[in-house]
Amino acid sequence: MTTEAIIDVRGLTKRFGDLVAVNDVSFAVQRGEVFAFLGPNGSGKSTTIRMLCGILEPTSGEGRVLGFDIAREGEQVKEHIGYMSQRFALYEDLTVRENLEFYAGVYQVPGSERKTRLVELIDMAGLRGRERQLAGQLSGGWKQRLALGCAIVHQPPLLFLDEPTAGVDPVSRRRFWTMIYGLARTGVTVFVTTHYLDEAEHATRVAMIHGGVLRALASPAELKRGALQGHLLSLVCDTPMQAVALLERAPGVREVALYGTTIHALIDPAQQTAEGLSAWLGDVGITVHGATRIEPTLEDVFISLIGAP
Amino acid sequence: MFGRIAPIILKEFIQIRRDPRTLAIVLAMPAMQLLLFGYAINTVVDHLPTIVFDESRDAQSRAFAAAFHNSGYFDLRAQAHSRAEAVAAVDTGEARVALLIPPEFGNHLLRGQQALAQLVVDGSDPNTAQTALFAAGMVAQVQSGEAVASLAERLGRGSAASGIELRPVVLYNPSMLSVNFMIPGLIGLILQFQTLILTAFAIVRERERGTLEQLVVTPIRSWELMLGKIIPYVATACMAVGVALAVGRFWFGVEVAGSLPLLAALSLIFLLSSLGVGLFVSTISQTQTQAMQLAVFIMLPSVLLSGFMFPREGMPFVIQQLGLLIPLTYFLQILRGIILKGVGMEVLWPNVLPLALFGLAVFGLSANRFRKRLG
Ligand SMILES: Nc1ncnc2c1ncn2[C@@H]1O[C@H](COP(=O)(O)OP(=O)(O)OP(=O)(O)O)[C@@H](O)[C@H]1O
Ligand SMILES: [Mg+2]
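Residues numbered from 1 in each chain as written. Chains lettered and ligands numbered in written order. Predicted model: local features only at pLDDT ≥ 70, side-chain atom pairs only at ≥ 80, totals over all residues. Heavy atoms only, no water.

J.: Is there a simple way to think about the site of ligand 1 in this case?
T.: Residue and element names in this part refer to chain A. By nearness alone, 14 residues border ligand 1, and Gly42, Ser46, Thr47, Gln86 and Glu163 come closest of all. The contact in question runs from an oxygen atom of ligand 1 to an N or O atom on the backbone of Gly44, over 3.0 Å. A distance of 2.7 Å separates an oxygen atom of ligand 1 from a polar side-chain atom of Gln86. If you list the elements that add at least two residues to the shell around ligand 1, you get β2 (19–30) and α1 (45–52). For the shell around ligand 1, the element with the most residues is α1, which contributes 3 residues. (Near = heavy atom within 4 Å. Polar contact = N/O pair within 3.5 Å; in protein donor to acceptor, adjacent residues only side chain to side chain. Helix = DSSP H or I, 4+ residues; strand = E, 2+ residues; numbered from the N terminus.)

J.: What's the story with the packing of helix α10 (residues 260–284) of chain B against helix α13 (residues 327–341) of chain B in this structure? I'm lost.
T.: Residue and element names in this part refer to chain B. Packing of α10 against α13 leaves a shortest axis separation of 11 Å and a crossing angle of 170°. When the interaxial angle is binned, α10 and α13 end up roughly antiparallel. Where α10 approaches α13, its residues Leu262, Leu263, Leu266, Ser267, Phe270 and Ser273 are matched on the opposing element by Pro327, Leu328, Phe331, Ile334, Leu335, Ile338 and Ile339. (Axes fitted to C-alpha atoms, helices over the stretch in contact; angles between N-to-C directions. Parallel < 35°, antiparallel > 145°, perpendicular 65-115°, else oblique. Contact = heavy atoms within 4.5 Å.)

J.: Would you take a moment to explain a nonpolar patch on the surface for this structure?
T.: On the surface, a cluster of nonpolar side chains totalling about 430 Å² of accessible area is made up of Phe317, Val318, Leu322 and Leu325 of chain B. Here Leu325 of chain B lies in the loop between α12 (317–323) and α13. (Patch = residues over 30% accessible without salt bridge, like charges linked within 9 Å, V, L, I, M, F, W, Y side chains within 5 Å. Areas by Shrake-Rupley, 256 points an atom, 1.4 Å probe, with all protein chains shown as cover. Salt bridge = Lys/Arg side-chain N within 4 Å of Asp/Glu carboxyl O.)

J.: Is there a simple way to explain the interface of chain B and chain A in this structure?
T.: It is common to give the size of an interface as the accessible area that goes away when the parts come together. Contacts between the two partners involve 24 residues from chain B and, on the opposite side, 25 residues from chain A. Taken together, the two surfaces of chain B and chain A that pack against each other cover about 2,400 Å², and 57% of this comes from carbon and sulfur. It is Arg18, Gln214 and Val217 of chain B that lose the most area in chain B upon contact with chain A, and together they represent 26% of the buried surface on that side. At the boundary of chain B with chain A, the tally comes to 4 salt bridges. (Buried area = accessible area lost by both parts, 1.4 Å probe.)

J.: Explanation requested: α1 of chain A in the structure shown.
T.: Think of an α-helix as turning once every 3.6 residues; residues three or four places apart then point the same way. All names here are of chain A. Among the 8 residues in α1, 7 count as buried, and that is most of the element. Of all the residues in α1, the buried ones are Lys45, Ser46, Thr47, Thr48, Ile49, Met51 and Leu52. Gly54 occupies a position one or two residues after α1 and carries a positive phi of about 80°. (Buried < 20%, exposed > 50% of the residue type's maximum accessible area, 1.4 Å probe, protein only.)

J.: Looking at this structure, I do not really get the coordination of the magnesium ion (ligand 2). What am I missing?
T.: Octahedral six-donor coordination of a metal ideally yields angles of 90 or 180 degrees, compared with 109.5 degrees for tetrahedral four-donor coordination. Residue and element names in this part refer to chain A. On the protein side, the magnesium ion (ligand 2) has Ser46 (OG) and Gln86 (OE1) as donor atoms, found 1.9 to 2.4 Å from it. Taken together, the residues Ser46 in helix α1 and Gln86 in the loop between β6 (81–84) and α3 (96–106) connect sequence positions 40 residues apart. Judged by relative accessible area, Ser46 falls into the buried class, the value being 13%. (Donors = N, O, S within 2.8 Å, 3.2 Å for Na, K, Ca; no water.)

J.: Explanation requested: the packing of α10 of chain B against helix α11 (residues 288–305) of chain B in the structure shown.
T.: Two measures define how a pair of helices packs: the angle their axes make with one another and the distance between the axes. Residue and element names in this part refer to chain B. The N-to-C vectors of α10 and α11 enclose an angle of 140°; their axes lie 9 Å apart at closest approach. With respect to α11, the axis of α10 lies oblique. Seen from above, α10 lies across α11 with right-handed handedness. Along its contact with α10, which presents Val277, Val281 and Ile284, the element α11 presents Gln290, Ala291, Leu294 and Ile298. Looking at the contact of α10 with α11, its residues break down into 6 nonpolar, 1 polar and no charged. (Left-handed = near helix turned anticlockwise from the far one by under 90°. Nonpolar A, V, L, I, M, F, W, Y, C, P; charged D, E, K, R; others polar.)

J.: How should I be thinking about the sheet that holds strand β1 (residues 5–16) of chain A in this particular structure?
T.: All names here are of chain A. Reading across the sheet, the 4 strands line up as β2-β1-β4-β5 and stay open at both edges, with antiparallel pairing between neighbours. A single partner strand is all that each edge strand has here, and the edge strands are β2 and β5 (68–69). In this sheet, strand β4 (residues 60–65) lies alongside β1 in antiparallel orientation, the contact comprising 5 bridges. Along β4, the bridge assignment pairs Arg10 with Glu62. Across the sheet, α1 lies against β1, β2 and β4, angled at about 120° from β1, the strand it touches most. (Pairing = 2+ DSSP bridges.)

J.: Where do I start with the domain arrangement of chain B in this structure?
T.: When the domains of chain B are assigned, the result is domain 1 (48–171) and domain 2 (177–374). Its C-alpha centre places domain 1 of chain B at a distance of 46 Å from the equivalent point of domain 2 of chain B. (Domains from an automatic or database assignment.)

J.: I tried to follow the sheet that holds strand β8 (residues 189–194) of chain A on my own but got confused; where do I start?
T.: The strands making up a sheet associate through hydrogen bonds between their backbones, and the pairing can be parallel or antiparallel. All names here are of chain A. Sheet architecture is open: 6 strands sit in the order β6-β7-β8-β3-β9-β10, paired in mixed fashion. Each edge of the open sheet carries a strand with a single partner, namely β6 and β10 (213–218). Strand after strand, the sheet turns through a mean of 15° between neighbouring axes, direction not considered. As paired elements, β6 and strand β7 (residues 158–162) share 4 bridges and run parallel to each other. Across the sheet, the residue bridging to Tyr83 is Phe160, located in β7.

J.: In this structure, what is going on with the pattern of salt bridges? I would like to understand it.
T.: Side-chain pairs of opposite charge can arise where the charged atoms are in close proximity. Residue and element names in this part refer to chain A. One pass over the full model with this rule turns up 25 salt bridges over all chains. A salt bridge links Arg97 to Glu101; the nearest nitrogen and oxygen atoms lie 3.3 Å apart. Here Arg97 and its partner Glu101 are both found in helix α3, 4 residues apart, which amounts to about one turn of the helix. Exposure remark for Arg97: the relative accessible area of 26% places this residue in the partly exposed category.

J.: Please explain the packing of aromatic side chains as it appears in this structure.
T.: We describe a pair of aromatic rings using the distance from one ring centre to the other and the angle between the two ring planes. All names here are of chain A. In this structure the tally under the stated criterion is 16 aromatic pairs over all chains. Aromatic side chains Phe35 and Phe191 sit 5.4 Å apart centroid to centroid with 20° between the ring planes, which places their arrangement in the stacked category. You can see Phe35 sitting in strand β3 (residues 34–38) and its partner Phe191 sitting in strand β8, a full 156 residues away along the chain. Taking the relative accessible area as the measure of exposure, Phe35 reaches 0% and is therefore buried. Judged by relative accessible area, Phe191 falls into the buried class, the value being 0%. Seen in terms of ring centroids, Phe102 and Tyr103 are 5.1 Å apart; in terms of plane orientation they differ by 70°. Their pairing is edge-to-face. (Phe/Tyr/Trp six-rings, centres within 6.5 Å; stacked < 30°, edge-to-face > 60°.)

If you want it as structure tokens, here you go:
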């Protein structure tokens, strides 16, 4: 261990019968990082988190979380982490306060600190005045923040969030992320899965997983720089659908994807240029209104990674 | 050690309080079942339509029949012309009781020999049947006494006379389950149903709503979760039994003849097996509907084979043996023993032993399965 790795896994694998849900995944997360785990549905994100939390035994490979072995010391792992499951796991027939009190009891937050801690969490989640409301009557954003409050009631140094923003409106999402970055500033390490690529943009590092295989792992900037082999062009033309079909056979074009009415094309700079491609399209009868080189977004990187054969 | 169990128990009680369905199962169900069963059975019985087939046709037989009528319990509606006609009248429901007096009745009575009479009673309503038997017994006794006395007076010697012997035949429900008989059975059934269903529900509900997944990531150990889930429903089961006993006592006048502490202690032993089954159901079911179906499926043999509804004595041998595999079978004997007969351990232990063994085995296996399925 060079720096302080708070999560360190090697060759982590989980099989469900014939299905390899997580396939030989290795990575390390440093203290204080906001580590985004990105992947489409069924790619093995939740399975990975479950193994890290010590509730699912890996088929093979090993891992340490906070220095504890995830296969053998799951109980210790559980005491020191916070976890927010994919569905906000609140007791809907309990009030906001009762939910928090329950988890405070379960995590054995000392009685002397409990009161101030609950006030703190209620303030943080913006739930003041709603303490006596049943959790089931809260709307999505409130529920989400309450669930976060329950997950960090014992002030864990490491927080696992499994798709915490699924099904929540954009304003609530932003507010939630403000809370997460606030936690990160106090030194909490955050491991978060998502399929919102814009959320991953702000992460310290991003891991991309597909079909259980780790495809990339770097900071968002590095990913954008390194992951794409070539230059990314944005093209605007009259008949985009047709253009995409044609571009797939164009010389020096690696990949094509349609974003609304704009085409993104990945070109090999040694063989092709923006001007050259416009001219080529003009030759096959398509009017091009603009072709500019753009910085790739994470989405481009993601599509290029999982689209790759 | 109880640090993490307490919050679970507290939470469970809050949820019970807020869930009308659970509350109804806990409090209303025992009272309702008892009243339903009790009222189906316990109605005031008199003026039972009675048919008489008198083959003796003399002063003695007529006096005997008249005494039946005069008791107020029986209305002599008709004279039958054959034994078959009398029994048929009970069959069709025209009469609830048939009094059959054989030809030699009067003569035997006069000579101080035992005079036989037969009473055929419709047992489909146990309470009616019981009242009928009781009343008829009284009438026969009084008449018998009078006959013996007049004989002694006439012959001027002591009573070597035998009087009247009434032979009852109860149709349809020979063991005559009555409310007294029902109350212990109901208590057993309520205990079993409540702990099984509510424990299973409490766990499956968390699985359904996803909170179980959240719980297993907390430092709660599986045994802590298990105890936290079980203890509240043992408590509510005790309340339910309290309600049932109170209704039995104050409404139907059925008092617990034996020791209450013994009843409580043996009930806890019985609970081991139903809690175990509840845990087992919770490990199998993904939804509360599944849990309910499974629970009913498991409970059905208990209701049918334990002797709660049908007396075990009347069952075919194989079915009787199957009944021995059901904890409620033993517990019913215990309940009836303590509540109705007031007996203690010295009589009950042959039932307590298998009950305890069953309880430990079922609970142990289920708890183990629960631990594995959760971990
Ligand atoms: N307990 C299980 N038994 C069998 N297969 C499972 C189990 N859990 C997950 N899987 C399978 O493993 C694969 C990965 O599932 P996982 O839940 O980790 O995906 P995910 O990335 O979290 O997806 P999502 O975005 O939908 O939450 C899926 O194909 C899933 O069906
Ligand atoms: Mg998932």
